[in-house]
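Observations on chain architecture
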Amino acid sequence: MKINLLINNVEIETENYSEVNDPGRLTDVVGHVAIGKAQHVEQAVKAAHEAFLLWRNVSLTERIRLCLKAADRLEAESSSLAKIISKENGMLLETTKAEIHVAATGIRNVASLAESALKSEYIEDGMSWVQVEKRPMGVIAGIVPWNAPMILTMQKLAPVLIAGNTIVFKPSPFAAMGVSIALKKISEIFPPGVINVVHGDADVGSALTTHPLIRKISFTGGGETAKHVMKAAADALKSIHLELGGNDAAIILHDVDLDEVVPKIASAVFRRSGQYCYAIKRIYVPSNLYKQFCEKMCVLTDEYKIGHQLNKEANFGPINNKRQFENIKDLINRIKSSNAKMIELGKKLEPENWDNGYYLRPIIVTNPEPDDEIVRCEQFGPIIPIISYESEEEVIRMVNDTEYGLGSSIWSTDEEKALKIAREIEAGMTFINGAGQTSLGYKYMPFGGIKQSGIGRENSKMAFDEYIEIHAINLHKRE
Ligand code: NAD
């Protein structure tokens, strides 16, 4: 399968195609992706700019209607898309199917909030009136990572287009195929140039972020890359929106029912083999429950069956790419020289294929020091530290002692107490007795982080704030 660039609703071939290998069976080639150059970025941004001059005048009702059509198209293509995405990014097929459904739901959610979010404000007195209008910005650069590529792409696409902007996407080289195919299908619904796609890595990313016609960079990815993006934006004082990594803490309070809570925690830790931004990345347990909690976590974690992402028996897939795989293995090696204990669990489903993919077994780390690297870093993989604490004050202090601030969770049968602690946590989001949004939360919770976990928000009405300019008009009435 050959995936080309998309500019002005036309597929563009390039001189270079990168081979995409299946991270769960490296000897399998999934397809080839056209790699763009600065000249393609130039063409794509120009096309998006031309399209913007017309698209901004299309009525809001019509823009919403077309985005709703896009959501339907996405779901109609779900089964073929899911297979391609799973093959290229290593996520379990069921997870990817669910992801496409969530991505379509996300489009519908923001579409339903658009009228009120984009409404102008009008105030009048005897001498004048003031109108505060929300206008589109222009061409947006949408840069996305590999771990949940469809959700993360559509979370940008819908508010960007509904607000009247156009977009040039740069998918991750580790998950470009599915996103690109989906965007091509969806782009047919819109006028040419409204959606464009250029593939590549840092060079294409930087050609895009420095292009003078890009009015906003909407970036989801790692903090180090975000610093390059911010620097690139600085030269032209461009607006940026950053959705970055986290080191989300789960705080277990002493009154929990462990049988009820531990399965939910394990799932929030190891879903996508730990490769999602608001996965639980450290667990704080009261000292009197510590041993029991760790034992239960180990029993449950040992039930994971690790195998190829399309194997129906597997409930734990590979790591997405070599760099991430090596990072986690290096981290594991460094933990070996600390006082913490590592317990490797789970069953290898296809031992003969183990070295032909980026496979890791899930690991529980017990008795780490609060300052150990595994507690302080964003591991972004299947390895989780469990830390013991004595008092609420101590746990709140430890949880907040980080430069990350994406999500967090509190687990307790006492909802009032959990809420009180939630309000002490420095994070963009806190979940109580769950780790992730309910369907209500997915629609109404602004998604994003504080400190070095991000700038700005996705989802909810606030998603639109990222992609509008305010134009204030004051009319002086004549006497
Ligand atoms: P990454 O930062 O390596 O890459 C993200 C994207 O940036 C890719 O498309 C990449 O090609 C592009 N890129 C690389 N260099 C660039 C440059 N100089 N200029 C512009 N673009 C450039 O991240 P990744 O490994 O793909 O994803 C994992 C990270 O993403 C983790 O830290 C994770 O927590 C974070 N993430 C955050 C969220 C969120 O919503 N907060 C969601 C998912 C993932």
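The structure displayed is predicted, hence computed values, not measured ones.

On a plain count of helices and strands, the protein comes out with 15 helices and 23 strands. Scaling as 2.2 N^0.38, a compact globule of 479 residues should have a C-alpha radius of gyration of about 23 Å, and the protein matches this with 23 Å. Across its three principal axes, the protein shows a C-alpha extent of roughly 75 × 60 × 40 Å. Counting every position in the protein, which comprises 479 residues, the buried fraction comes to 57%. The long-range fraction of contacts in the protein, counting pairs at least 24 apart against all pairs at least 6 apart in sequence, stands at 73%. For the protein, the exposed area adds up to about 20300 Å²; of that, 51% sits on carbon and sulfur atoms.

Turning our eyes to something else, we now look at the environment of F270. Its location among the elements puts F270 in helix α9 (residues 258–270). By relative accessible area, which is 2% here, F270 ends up buried. Sequence separation of F270 and E295 is 25 residues, and the distance between their C-alpha atoms is 16 Å. Those residues within four positions of F270 in sequence are excluded, and the remaining contacts are M297, T301, Y304, F316, P362, I363, I364, P382, I383 and I384.

In terms of domain boundaries, the protein breaks down into domain 1 (2–244 + 456–474) and domain 2 (249–441). With centres defined by C-alpha atoms, the gap from domain 1 to domain 2 works out at 30 Å. Facing the 24 residues of domain 1 at the interface are 25 residues of domain 2. Both faces considered, domain 1 and domain 2 share a buried interface measuring about 2100 Å² in area, 54% of it formed by carbon and sulfur atoms.

Bringing the pattern of salt bridges into the picture now. It is possible for side chains of opposite charge to pair when their charged atoms get near one another. Counted under the stated rule, the structure contains 26 salt bridges. Ionic pairing is found between R73 and E188, a salt bridge with its closest N-O pair at 3.2 Å. Of this pair, R73 sits in helix α2 (residues 60–76) while E188 sits in the loop between α6 (177–187) and β10 (195–197); the two residues are 115 residues apart in sequence, bridging distant segments of the chain. For K97, the salt bridge is made with E94, and the minimal N-O distance between the two is 3.7 Å. Here K97 and its partner E94 are both found in helix α4 (residues 93–117), three residues apart, which amounts to about one turn of the helix. E94 gets classed as exposed once you look at its relative accessible area, which sits at 56%.

Now for the nonpolar core. In terms of nonpolar packing, the biggest core is built from 57 residues, with L74, M150, M154, L161, F190 and I195 touching the most fellow members. Sorting elements by how many residues they give to this core places α4 first, with nine residues. Those residues in contact with M154 that lie beyond four places of it in its chain are L74, A103, I107, P159, A182, L183 and I186.

In this section: the sheet that holds strand β23 (residues 468–476). Ordered in space as β6-β7-β23, the three strands form an open sheet in which the pairing is antiparallel. Strands at the two margins of the open sheet, each flanked by one partner only, are β6 (121–124) and β23. Across the sheet, the mean angle from the axis of one strand to that of its neighbour is 15°, orientation sign disregarded. With four bridges joining them, β6 and strand β7 (residues 128–136) adopt antiparallel strand pairing. Residue pairing in the sheet places I123 in a bridge with V130 of β7.

This next bit is on the packing of α4 against helix α5 (residues 149–162). Their axes nearest at 8 Å, the elements α4 and α5 cross at an angle of 20°. When the axes of α4 and α5 are compared, the pair comes out roughly parallel. Viewed along their axes, α4 and α5 form a crossing whose handedness is right-handed. On the side of α4, the interface is formed by E99, I100, V102, A103, I107, V110, A111 and A114, while α5 contributes P149, M150, I151, M154, A158, P159 and I162. Partitioning the contact of α4 with α5 into residue classes produces 14 nonpolar, no polar and one charged.

Further remarks concern the site of the ligand. If you check the shell around the ligand, you find 30 residues, and the closest are K170, D201, T225, L244 and E378. Separating an oxygen atom of the ligand from a side-chain N or O atom of K170 is a distance of 2.8 Å. Contact with the protein chains removes 93% of the 860 Å² of surface that the ligand exposes when unbound. Two domains each donate at least three residues to the shell around the ligand, and these are domain 1 (2–244 + 456–474) and domain 2 (249–441).

All right, on to the environment of T14 then. One can find T14 in the loop between β3 (10–12) and β4 (16–22). Accessibility expressed as a relative area gives 13% for T14, which makes it buried. Here the alpha-carbon distance between T14 and V262, two residues 248 residues apart in the chain, equals 50 Å. The residues contacting T14, other than those within four sequence positions of it, are L5, A34, I35, G36 and H40. At 2.9 Å, the side chain of T14 forms a polar contact with the backbone oxygen of N16. At a separation of 3.1 Å, a polar atom in the side chain of T14 contacts the main-chain carbonyl oxygen of I35.

Now for the pairing of strand β19 (residues 383–389). The element β19 is largely enclosed, with a buried count of six among its seven residues. The sheet contact formed by strand β14 (residues 280–286) and β19 spans four bridges and is parallel. In the sheet register, Y284 faces β19, and the bridge partner there is I387. The pairing of strand β18 (residues 363–366) with β19 spans four bridges and is parallel. Looking at the pairing, T366 lines up with I386 of β19.

About the cut-offs
- Residues numbered from 1 in each chain as written.
- Predicted model: local features only at pLDDT ≥ 70, side-chain atom pairs only at ≥ 80, totals over all residues.
- Heavy atoms only, no water.
- Helix = DSSP H or I, 4+ residues; strand = E, 2+ residues; numbered from the N terminus.
- Rg over C-alpha atoms; globule rule 2.2 N^0.38 Å.
- Buried < 20%, exposed > 50% of the residue type's maximum accessible area, 1.4 Å probe, protein only.
- Contact = heavy atoms within 4.5 Å.
- Areas by Shrake-Rupley, 256 points an atom, 1.4 Å probe, with all protein chains shown as cover.
- Domains from an automatic or database assignment.
- Buried area = accessible area lost by both parts, 1.4 Å probe.
- Salt bridge = Lys/Arg side-chain N within 4 Å of Asp/Glu carboxyl O.
- Core = buried A, V, L, I, M, F, W, Y, C linked by side-chain atoms within 4.5 Å.
- Pairing = 2+ DSSP bridges.
- Axes fitted to C-alpha atoms, helices over the stretch in contact; angles between N-to-C directions.
- Parallel < 35°, antiparallel > 145°, perpendicular 65-115°, else oblique.
- Left-handed = near helix turned anticlockwise from the far one by under 90°.
- Nonpolar A, V, L, I, M, F, W, Y, C, P; charged D, E, K, R; others polar.
- Near = heavy atom within 4 Å.
- Polar contact = N/O pair within 3.5 Å; in protein donor to acceptor, adjacent residues only side chain to side chain.

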